[in-house]
Structure formats: C-alpha cells, structure tokens
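Listed here are the chains, written in short residue letters.
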Amino acid sequence: MIYAAVAVDLTSDGLMIGTGAAVSSSLALVLAAGQVLADVPEGYATVANFRDKGVPRPKRLLFTASFFLYVVGSAMASYFLLRDAPEQMKMAGLVFVAGLLTVAAVEDMLEEAHEACADSRRSVLAFIGGFTLFTLVSAGLGAVVGR
C-alpha cells in the first residue's frame, strides 16, 4: 500500500514537471527543485517504513530505484503530449495538475488538523501562513531561476 501511494504521488509530481517543461524549461527547473525538496523526506520515511515492515534490503533498493520510473515516465508523457500543443492547452494542463495536487494537500492537512484538535484562530492563521510562505518561496525561487 505504501508503494502504491508513493508511486501515485510521484506520478502526479512527474505530470506537473513534464507539463511545466512544455511551458518553459525554467518553470520545469523550479518545479523539479521544489519536488526534490518535498520528496527527500518522503523517500526517507518510505524506506524506513519498508525496513520496519521487514522488507529485505535488495527488495527495498529495487522498490526505491523503481520510483524513478514513475516520475520520469509521467514527466516524459506529459511533456511529449503538450510540447506542440497550443499555449492555452499547456496552461490548462498545468492548472489541472496543480489543482489536483492542491486539493490533495489541503484535504490531507485539514484531515490531520481536525484529528489533532478543534479549529482555532491560530490554526487558521498557521494554515494560511503556510500557503503564503510556500507561494513566496516559490515566487522567489522562480525569480532566481528565471534570471
């Protein structure tokens, strides 16, 4: 189950990177850099979970190496499908994938937040502040890479 969840997550990340590459190479670089930062802790947690479940080391290494195929395969597929498409289609694809990832992230955060405690002003401000910080960091990284 863990393998399937990570594979689906990495496939959506690859779709986003490939769609971004169809729009511009600098956008793809920003998206890929952001995903590397997000996926390193996820990868560590996944491997630790495999180890905890008693999965032998050679099999863990095989599973870990196969995750590369999901990211690269979906990135290549979305890039080749959209590279010659009109600009509106590229942007629609980018918005669609970003929307899917945003919905998944928000639903996950809200679910965990409600398990922890009831909503408060602090929790709402922290939630909004997290998205604001993410947007500012993304914009700053985009400005640096775009130069």
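Below: a short report on this structure.

The rules behind each value
- Residues numbered from 1 in each chain as written.
- Predicted model: local features only at pLDDT ≥ 70, side-chain atom pairs only at ≥ 80, totals over all residues.
- Heavy atoms only, no water.
- Helix = DSSP H or I, 4+ residues; strand = E, 2+ residues; numbered from the N terminus.
- Buried < 20%, exposed > 50% of the residue type's maximum accessible area, 1.4 Å probe, protein only.
- Areas by Shrake-Rupley, 256 points an atom, 1.4 Å probe, with all protein chains shown as cover.
- Axes fitted to C-alpha atoms, helices over the stretch in contact; angles between N-to-C directions.
- Parallel < 35°, antiparallel > 145°, perpendicular 65-115°, else oblique.
- Left-handed = near helix turned anticlockwise from the far one by under 90°.
- Contact = heavy atoms within 4.5 Å.
- Salt bridge = Lys/Arg side-chain N within 4 Å of Asp/Glu carboxyl O.
- Nonpolar A, V, L, I, M, F, W, Y, C, P; charged D, E, K, R; others polar.
- Patch = residues over 30% accessible without salt bridge, like charges linked within 9 Å, V, L, I, M, F, W, Y side chains within 5 Å.
- Phe/Tyr/Trp six-rings, centres within 6.5 Å; stacked < 30°, edge-to-face > 60°.

## Details of the overall build of the protein chain
Stage number 1. The helix and strand tally for the protein chain stands at five helices and zero strands.
Stage number 2. The buried share of the protein chain, reckoned over its 147 residues, is 22%.
Stage number 3. Total accessible area computed for the protein chain in this model is approximately 10,000 Å², and 71% of it derives from carbon and sulfur atoms.

## A closer look at the packing of helix α2 (residues 25-52) against helix α3 (residues 57-82)
Stage number 1. The interhelical angle for the contact between α2 and α3, taken along N-to-C directions, is 155 degrees, at an axis separation of 10 Å. Here α3 runs roughly antiparallel to α2, going by the angle between their axes. The handedness of the crossing between α2 and α3 comes out as right-handed. Counting all contacts with α2, which are made through Thr-46, Val-47, Phe-50 and Arg-51, the residues of α3 involved are Arg-60, Phe-63, Thr-64 and Phe-67.

## Describing the pattern of salt bridges
Stage number 1. Taken as a whole, this structure holds one salt bridge when the rule is applied.
Stage number 2. One salt bridge connects Asp-84 with Arg-83, and the closest N-O pair in it is separated by 3.8 Å.
Stage number 3. Residue classification places Arg-83 among the partly exposed residues on the basis of a relative accessible area of 38%.

## Quick notes on the packing of helix α1 (residues 2-23) against α2
Stage number 1. Their axes nearest at 8 Å, the elements α1 and α2 cross at an angle of 170 degrees. Taken as axis vectors, α1 and α2 run roughly antiparallel relative to one another. Residues Ile-2, Tyr-3, Val-6, Asp-9, Leu-10, Asp-13, Met-16, Ile-17, Gly-20, Ala-21 and Val-23 of α1 form the contact with α2, whose own contacting residues are Ser-25, Leu-27, Ala-28, Leu-31, Ala-32, Gln-35, Asp-39, Glu-42, Thr-46, Asn-49 and Phe-50.
Stage number 2. Residues of the contact of α1 with α2, tallied by class, amount to 13 nonpolar, five polar and four charged.

## A word on a nonpolar patch on the surface
Stage number 1. Taken together, the side chains of Met-76, Tyr-79 and Phe-80 make up a nonpolar region of the molecular surface, amounting to roughly 290 Å² of accessible area.
Stage number 2. Assignment of secondary structure puts Phe-80 in helix α3.
Stage number 3. Given a relative accessible area of 45%, Phe-80 falls into the partly exposed group.

## Quick look at the side chain of Gln-35
Stage number 1. Relative to the helices and strands, Gln-35 resides in helix α2.
Stage number 2. Residue classification places Gln-35 among the buried residues on the basis of a relative accessible area of 16%.
Stage number 3. Residue contacts for Gln-35: discarding those within four places in its chain leaves Asp-13, Met-16 and Ile-17.

## A closer look at the packing of aromatic side chains
Stage number 1. All chains considered together, the criterion is met by five aromatic pairs.
Stage number 2. Ring geometry for Phe-50 against Phe-63: centres 5.4 Å apart, planes inclined by 50 degrees, an arrangement best described as tilted. Pair noted here: Phe-50 is in helix α2 and Phe-63 is in helix α3, with a separation of 13 residues, a long-range link.
Stage number 3. An angle of 65 degrees between the planes, with centres 5.3 Å apart, marks the rings of Tyr-79 and Phe-80 as edge-to-face.
Stage number 4. A relative accessible area of 31% places Tyr-79 in the partly exposed class.
Stage number 5. Of the aromatic side chains, those joined through ring pairs into one cluster are Tyr-3, Phe-50, Phe-63, Phe-67 and Tyr-70.

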